[in-house]
Amino acid sequence: MVLMVRISDISRYLRCPRLIYFERGQFAPELVSPSHILLRHMLLSWQAGSDPSDMEEAILRLIQDLLLIYPQISQADLLVAADEVRHLLPDLILLPAERLVPSELEVELRSERLGLTGRLDRMVVRQRQAAMPRPNLLSSLLDRAGLLVSPPSQDATASGRDEGSDERTAQADQPLVTPSLIRTGKAPKSGVWRRDRLSLAGYSLLLQEKYGQPVVEGQVEYARSCQIRQVAIRGLDKGRFLRLCDRVRQIRRGSLPDRPANAPCSACPCRDACHSRASLASRFF
Ligand code: SF4
């Protein structure tokens, strides 16, 4: 039976592959800050046509809800977090509604065939235009508008598992499904972070299997930058994503990877266990 991998495992693997080895149920999950939680829920409850005073009220309501959902977080901490994020409200209400609604939130996805599961923050579902622009035209339009963050797929055959051209098989009468990630950090200077691009590739595989239609683009909602960045989903990224899933499975079966040179060890909950273990490779050198 294929070992199931969660899409969030890939982000963790990219931070440090050893985390996958040491977090096999032995360590408490990473603590998440109140401002991260508040920002995430603000975007989940985003509504078109709000004004800053609506949002202010919404924050206060949200704080009451979050106290019930996360009893480990105090009201004082959430009020401090609210002060921290309040200045973002005027820009958050200007996010383009057509990129956020209509949508389903926190969509659970699972594929036994791919050995993959994940909870997608937002799935935007829109009707396609009668005539979809061809990929090159779409790319150039997005590019001109400064929205294109990845080049169109030129190497869709790289994975060996996903060699079809998604764009070619898109049906004009099917709804357009767009996976959207909520990130509470800052956006990069341009495009999206690598881990986000790969996560979108993973969600596109799950959505493609669930809805039986290609998923040609995704997006990332960078809350602290008040920006939504679109990205074309490339076969190359799907191939890379699937190979990373195989690496995660290998580690779960007991293979301890080497410690990366730039690993973020100082705040790592696995530090003691990790520093007392040598990898198989390092024992030989
Ligand atoms: S201590 Fe450093 S090398 Fe070890 S798992 Fe944590 S981040 Fe990775």
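Throughout, a residue's number is its position along its own chain's written sequence, starting from 1. Restriction of local features to residues with pLDDT of at least 70 applies here, the model being predicted, together with a cutoff of 80 or more for giving and counting side-chain atom pairs; totals for whole chains, interfaces and linings are based on all residues. Side-chain numbers come from the whole structure's heavy atoms, not from hydrogens or water.

Asks: Can you break down the overall build of the chain residue by residue, with the values?
Replies: For the purposes of this entry, the term helix denotes a DSSP run of H or I that reaches at least four residues, the term strand denotes a run of E that reaches at least two, and both are numbered from the N terminus. For the chain, the count of helices and strands is 12 helices and 6 strands. The proportion of buried residues among the 285 residues of the chain is 45%. Exposure was quantified through the Shrake-Rupley algorithm and a 1.4 Å probe, taking into account, for residues, occlusion by the shown protein chains and nothing else. Split by element, the accessible area of the chain, about 15,200 Å² in all, is 53% carbon and sulfur. When accessible area is computed with a 1.4 Å probe and restricted to protein chains, residues below 20% of their type maximum are described as buried, those above 50% as exposed, and intermediate ones as partly exposed.

Asks: Account for helix H5 (residues 75-86), with residues named and values stated.
Replies: Here H5 contains 12 residues, and its C-alpha end-to-end distance of 16 Å stays within 8% of the 16 Å for a straight helix at 1.5 Å per residue. The inward-facing, buried residues of H5 contact helix H3 (34-44), helix H4 (52-69) and helix H6 (89-92). One less than the residue count of a helix, multiplied by 1.5 Å, gives the span that helix is expected to have. Here a residue-residue contact requires only that any non-hydrogen atoms of the pair lie within 4.5 Å.

Asks: Account for the packing of aromatic side chains, with residues named and values stated.
Replies: Pairing of aromatic rings covers Phe, Tyr and Trp, the last counted by its six-membered ring, and requires centre-to-centre distances within 6.5 Å; plane angles under 30 degrees mean stacked, over 60 mean edge-to-face, and any other angle means tilted. Across all of its chains, the model carries 1 aromatic pair by this definition. A ring pair is formed by Tyr 21 and Phe 22, whose centres lie 5.1 Å apart and whose planes are at 75 degrees; its orientation type is edge-to-face. Classification of Tyr 21 as buried rests on a relative accessible area of 8%.

Asks: Which residues make up the site of the ligand, and what values go with them?
Replies: Think of it this way: one heavy atom of a residue within 4 Å of a molecule or strand is enough to make that residue near it. Around the ligand, the structure places Cys 16, Arg 18, Leu 19, Arg 259, Ala 263, Pro 264, Cys 265, Cys 268, Arg 271, Cys 274 and His 275. When residues of the shell around the ligand are traced back to their parent elements, those giving at least two are helix H2 (17-22) and helix H11 (271-275). It is H11 that provides the largest number of residues to the shell around the ligand, a total of 3 residues. Any residue outside Ala, Val, Leu, Ile, Met, Phe, Trp, Tyr, Cys, Pro, Asp, Glu, Lys and Arg is labelled polar, Gly included; the first ten of those are nonpolar and the last four are charged. Tallied by class, residues from the shell around the ligand come to 7 nonpolar, 1 polar and 3 charged.

Asks: Requested: an account of the nonpolar core, with residues and values cited.
Replies: Judged by nonpolar contacts, the single largest core of 41 residues is most densely connected at Ile 10, Leu 109, Leu 116, Leu 120, Leu 207 and Phe 241. Elements that contribute at least two residues to this core include exactly helix H1 (7-15), H2, strand E2 (103-111), strand E3 (116-127), strand E4 (175-183), helix H9 (194-211), strand E5 (217-222) and helix H10 (235-252). The element contributing the most residues to this core is H9, with 7 residues. Setting aside residues no more than four positions away along its own chain, Ile 10 makes contact with Val 5, Phe 241, Leu 244, Cys 245 and Val 248. In these notes, a set of buried Ala, Val, Leu, Ile, Met, Phe, Trp, Tyr and Cys residues joined through side-chain atoms within 4.5 Å is what counts as a nonpolar core. By size, the runner-up hydrophobic cluster in this structure holds 27 residues, among which are Ile 37, Leu 43, Ile 63 and Ile 228.

Asks: Before we move on, could you go through the confidence of the model for the chain and cite the residues and values that matter?
Replies: Summary of the metric used: pLDDT quantifies the predictor's per-residue confidence within the range 0 to 100. With 79% of its residues at a pLDDT of 70 or more, the chain has an overall mean of 82. Contacts from residues 131-168, a stretch scored under 50 in pLDDT, to residues over four places away or in other chains number 48 contacts.

Asks: Can you break down the packing of H1 against H10 residue by residue, with the values?
Replies: Axes, fitted as lines to C-alpha atoms, cover a helix only where it is in contact. Angles between the N-to-C directions of the axes lie from 0 to 180 degrees. Packing of H1 against H10 brings their axes to within 10 Å, and their N-to-C directions diverge by 80 degrees. With respect to their mutual orientation, H1 and H10 come out roughly perpendicular. Each of Ile 7, Asp 9, Ile 10, Arg 12, Tyr 13 and Leu 14 in H1 lies in contact with H10, whose residues at this interface are Phe 241, Leu 244, Cys 245, Arg 247, Val 248, Ile 251 and Arg 252. A per-class count over the contact of H1 with H10 returns 9 nonpolar, no polar and 4 charged. These descriptions rest on fixed angle ranges, namely under 35 degrees for roughly parallel, over 145 for roughly antiparallel, 65 to 115 for roughly perpendicular, and the rest for oblique.

Asks: Describe the side chain of His 41, listing the residues and the values that go with them.
Replies: Here His 41 shows up in helix H3. Its relative accessible area of 14% is what places His 41 among the buried residues. As used in this structure description, the phrase polar contact means that two N or O atoms lie within 3.5 Å; if the pair is within protein, one of them must be able to donate a hydrogen and the other to accept it, and residues adjacent in sequence are counted only when both atoms belong to side chains. A polar side-chain atom of His 41 sits 3.4 Å from a polar atom in the side chain of Tyr 70. Excluding its chain neighbours within four sequence positions, the residues that come into contact with His 41 are Leu 62, Leu 66, Ile 69 and Tyr 70.

Asks: Hey, could you go over unusual backbone geometry for me, with residue numbers and the actual values?
Replies: Trans peptide bonds make up most of the peptide bonds, and negative phi angles are found at most residues other than glycine. Between Val 101 and Pro 102 the backbone carries a cis peptide bond, its omega angle lying at -5 degrees. Positive phi, normally seen in glycine, also occurs at Glu 106, with a value near 45 degrees. Assessed through its relative accessible area of 34%, Glu 106 is described here as partly exposed. Here the phi dihedral of Cys 226 falls at roughly 50 degrees; this positive angle occurs in a residue that is not glycine.

Asks: I'd like a rundown of the pattern of salt bridges, residues and numbers included.
Replies: By definition here, a salt bridge exists when the distance from a side-chain nitrogen of Lys or Arg to a carboxyl oxygen of Asp or Glu is within 4 Å. The full count for this structure, using the stated rule, is 21 salt bridges. One salt bridge in this structure joins Arg 12 and Glu 23, with 2.4 Å as the shortest N-O distance. Placement of the pair is Arg 12 in helix H1 and Glu 23 in the loop between H2 and H3, with a sequence separation of 11 residues. With a closest N to O distance of 3.8 Å, Glu 57 and Arg 61 form a salt bridge. Of this pair, Glu 57 and Arg 61 both sit in helix H4, 4 residues apart, roughly one helical turn. A single salt-bridge network, built from bridges that share partners, covers Arg 40, Glu 106, Asp 121, Arg 183 and Asp 196.

Asks: Tell me about the pairing of E5, and please be specific about residues and values.
Replies: Burial analysis of E5 places 6 of its 6 residues in the buried class, which makes it a mostly covered element. Burial along E5 is two-sided: the face carrying Glu 217, Gln 219 and Glu 221 and the face carrying Gly 218, Val 220 and Tyr 222 are both buried. A strand pair is defined by DSSP finding two or more bridges across the two strands. Relative to E5, E4 runs parallel, the two being bridged by 4 bridges. When the sheet's bridge partners are listed, Leu 181 is paired in E5 with Val 220. Looking down the strands as they point away from the viewer, one classifies a crossover as right-handed if the path from the first strand across the helix to the second runs clockwise. A crossover connection joins E4 to the parallel E5 through H9; in handedness this β-α-β unit is right-handed. As paired elements, E5 and strand E6 (residues 227-232) share 6 bridges and run antiparallel to each other. Looking at E6, one finds that Tyr 222 is bridged to Gln 227.

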